[in-house]
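Below are the chains, spelled out letter by letter.
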Amino acid sequence: MENFYLFVIMCILLILLPGPDTAIATKNTLTVGRTGGFRTMFGTCCALLIHTLAAVVGLSAIIVKSAFIFSIFKYFGAVYLVFIGIKTLWALRHNKTAATEMATESKYDNKSCFKQGFLTNLLNPKVAVFFLTFLPQFVDSGSDSFIPFLIMGITYTLLTALWFLFYIYLLNQIRTFMKNPKTHTIMEGITGTILIGFGIKLALEKAH
């Protein structure tokens, strides 16, 4: 393994870029609270560890090289993101007040936060492509890639967890402001639309 510090810097830059995982974490933190955000983060990290193991044993290569398998993951992931986005927008039509909605449904939403974070990341084939194309650049040519892939995958997962811990903490600090019904409606509308947009973008993604 070579240029580990460069790998860490590149990981940080990539993690800071907003994506479906960030959108899901944002929605669940603002709607359910800090616990919901942490559960979402834990689901995302568990999915990242599975992607790491898949890269180690070569499953990611199969997904990337097979247009059919890539498409299966792609469309399942796209449908799921669109479903969550539509569900978020649909819920706005039945909100009597944001505070009441958040109080009555938080215990139910809290149970699904882990699942949303987990499936959003796991069903995204672009994550598999990332692991298969990004990690090998930091492995010595001709050497065994098992341990380096494992170390880099775990490092990326830990960095992701650290970023989300910080991000969720900040979101939770402004959650009181978000309890304003009008503000809550606007933010839910934005996150729902963004999730649908990510789903459509993923569905249009082509396998290379």
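As a starting point, this report considers the structure included with it. In this convention, every chain numbers its residues from 1, walking through the sequence in written order. Restriction of local features to residues with pLDDT of at least 70 applies here, the model being predicted, together with a cutoff of 80 or more for giving and counting side-chain atom pairs; totals for whole chains, interfaces and linings are based on all residues. For side-chain calculations, the full set of non-hydrogen atoms in the structure is used, while hydrogens and water are omitted.

1. So, the overall build of the protein chain
Put simply, the test is: Counting from the N terminus, the helices are the DSSP runs of H or I reaching at least four residues and the strands are the DSSP runs of E reaching at least two. Contact between two residues is taken to exist if any of their heavy atoms lie within 4.5 Å; hydrogens are not considered. Computed with the Shrake-Rupley method and a 1.4 Å probe, the accessible areas treat only the protein chains shown as cover for residues.
Assigned secondary structure in the protein chain consists of 10 helices and 0 strands. In the protein chain, the succession of α and β elements from N to C terminus is α-α-α-α-α-α-α-α-α-α. Of the contacts formed within the protein chain by residues at least 6 apart in sequence, a portion of 89% connects residues at least 24 apart. Of the roughly 11,000 Å² of accessible surface on the protein chain, a fraction of 71% belongs to carbon and sulfur atoms.

2. Describing a nonpolar patch on the surface
Note the cut-off: Put simply, a patch holds well-exposed residues, over 30% relative accessible area, that have no salt bridge, with like charges counted together within 9 Å and Val, Leu, Ile, Met, Phe, Trp or Tyr side chains within 5 Å. The term salt bridge refers to a side-chain nitrogen of Lys or Arg lying within 4 Å of a carboxyl oxygen of Asp or Glu.
Taken together, Phe4, Tyr5, Phe146, Ile147 and Ile151 make up a surface patch of nonpolar side chains, about 510 Å² in accessible area. Elements represented by at least two residues in the nonpolar patch include exactly helix 1 (4-16) and helix 8 (146-173). Among the elements that line the nonpolar patch, the one with the most residues is helix 8, at 3 residues. Note on placement: Tyr5 falls in helix 1.

3. Here we look at the side chain of Gln116
To keep things clear, this is the line we draw: Accessible area is worked out with a 1.4 Å probe on protein chains only. A residue is then buried under 20% of its type maximum, exposed over 50%, and partly exposed in between.
As for its placement among the helices and strands, Gln116 is situated in helix 6 (residues 98-122). Residue class for Gln116 comes out buried when judged on its relative accessible area of 6%.

4. Looking at the packing of aromatic side chains
Put simply, the rule reads: Aromatic pairs are defined between Phe, Tyr and Trp rings, using the six-membered ring for Trp, whenever the two ring centres lie within 6.5 Å; interplanar angles under 30 degrees are classed as stacked, those over 60 as edge-to-face, and all others as tilted.
All told, the structure shown has 13 aromatic pairs when counted by the stated rule. When the ring of Phe114 is compared with that of Phe118, the centres are 5.9 Å apart and the planes differ by 10°; the resulting orientation is stacked. Residue Phe114 and its partner Phe118 are both found in helix 6; the two are separated by 4 residues, about one turn of the helix. Judged by relative accessible area, which is 29%, Phe114 ranks as partly exposed. Ring centres of Phe130 and Phe131 lie 5.4 Å apart, and the angle between their planes is 90°; on these two criteria the pair is classed as edge-to-face.

5. Looking at helix 1
Stated precisely, the cut-off is as follows: Given the number of residues in a helix, its expected span is that number minus one, multiplied by 1.5 Å. Note: the arc covers the axis-to-C-beta directions of the helix.
In this model, helix 1 (13 residues) spans 19 Å end to end at C-alpha, consistent with the 18 Å of a helix rising 1.5 Å per residue. Buried within helix 1 we find Phe7, Val8, Cys11 and Ile15. Looking straight down helix 1, one finds that the buried residues subtend no more than 100° of arc, so they occupy a single side. On its buried face, helix 1 sits against helix 7 (125-134) and helix 8.

6. Quick word on the environment of Lys74
Relative to the assigned elements, Lys74 resides in helix 5 (residues 67-92). On a C-alpha basis, the gap between Lys74 and Gly199 in space is 9.1 Å, while along the polypeptide they are 125 residues apart. Once residues within four sequence positions are removed from consideration, Lys74 is found in contact with Leu123, Pro125, Leu202, Ala203 and Glu205.

7. Comments concerning the environment of Cys113
Within the element layout of this structure, Cys113 appears in helix 6. Residue classification places Cys113 among the buried residues on the basis of a relative accessible area of 0%. Note: C-alpha distance between Cys113 and Gly37 (76 residues apart in sequence) is 7.3 Å. Apart from residues lying up to four places away in sequence, Cys113 is in contact with Asn28, Val32, Gly36, Arg39 and Thr40.

8. Quick word on the packing of helix 1 against helix 8
The cut-off we apply is this: For helices, the fitted axis covers only the stretch in contact; all axes are lines through C-alpha atoms, and the angles between them, taken along N-to-C directions, range from 0 to 180 degrees. Roughly parallel means an angle under 35 degrees; roughly antiparallel means over 145; roughly perpendicular covers 65 to 115; every other angle is labelled oblique. Definitions for this section: a left-handed crossing has its near helix turned counterclockwise from the far helix by less than a right angle. A right-handed crossing has that turn clockwise. Polar here means any residue other than Ala, Val, Leu, Ile, Met, Phe, Trp, Tyr, Cys and Pro, which are nonpolar, and Asp, Glu, Lys and Arg, which are charged; Gly is therefore polar.
Interaxial distance between helix 1 and helix 8 falls to 10 Å at its minimum, and their mutual angle equals 45°. In this view, helix 1 runs oblique relative to helix 8, as classed from their interaxial angle. Between helix 1 and helix 8 lies a crossing whose hand is right-handed. Here helix 1 contributes Phe4, Phe7, Val8, Cys11, Ile12, Ile15 and Leu16 to the contact with helix 8, which in turn contributes Ile151, Met152, Thr155, Tyr156, Leu159, Thr160 and Trp163. For the contact of helix 1 with helix 8, the class distribution of residues is 12 nonpolar, 2 polar and no charged.

9. Comments concerning the packing of helix 3 (residues 34-57) against helix 7
Where helix 3 meets helix 7, the closest approach of the two axes is 10 Å, and the angle between their N-to-C directions is 50°. The angle between helix 3 and helix 7 places the two elements in the oblique class. In the packing of helix 3 onto helix 7, the handedness of the crossing is right-handed. In this structure, helix 3 contributes Leu48, His51, Thr52 and Ala55 to the contact, and helix 7 contributes Val127, Ala128 and Phe131. For the contact of helix 3 with helix 7, the class distribution of residues is 5 nonpolar, 2 polar and no charged.

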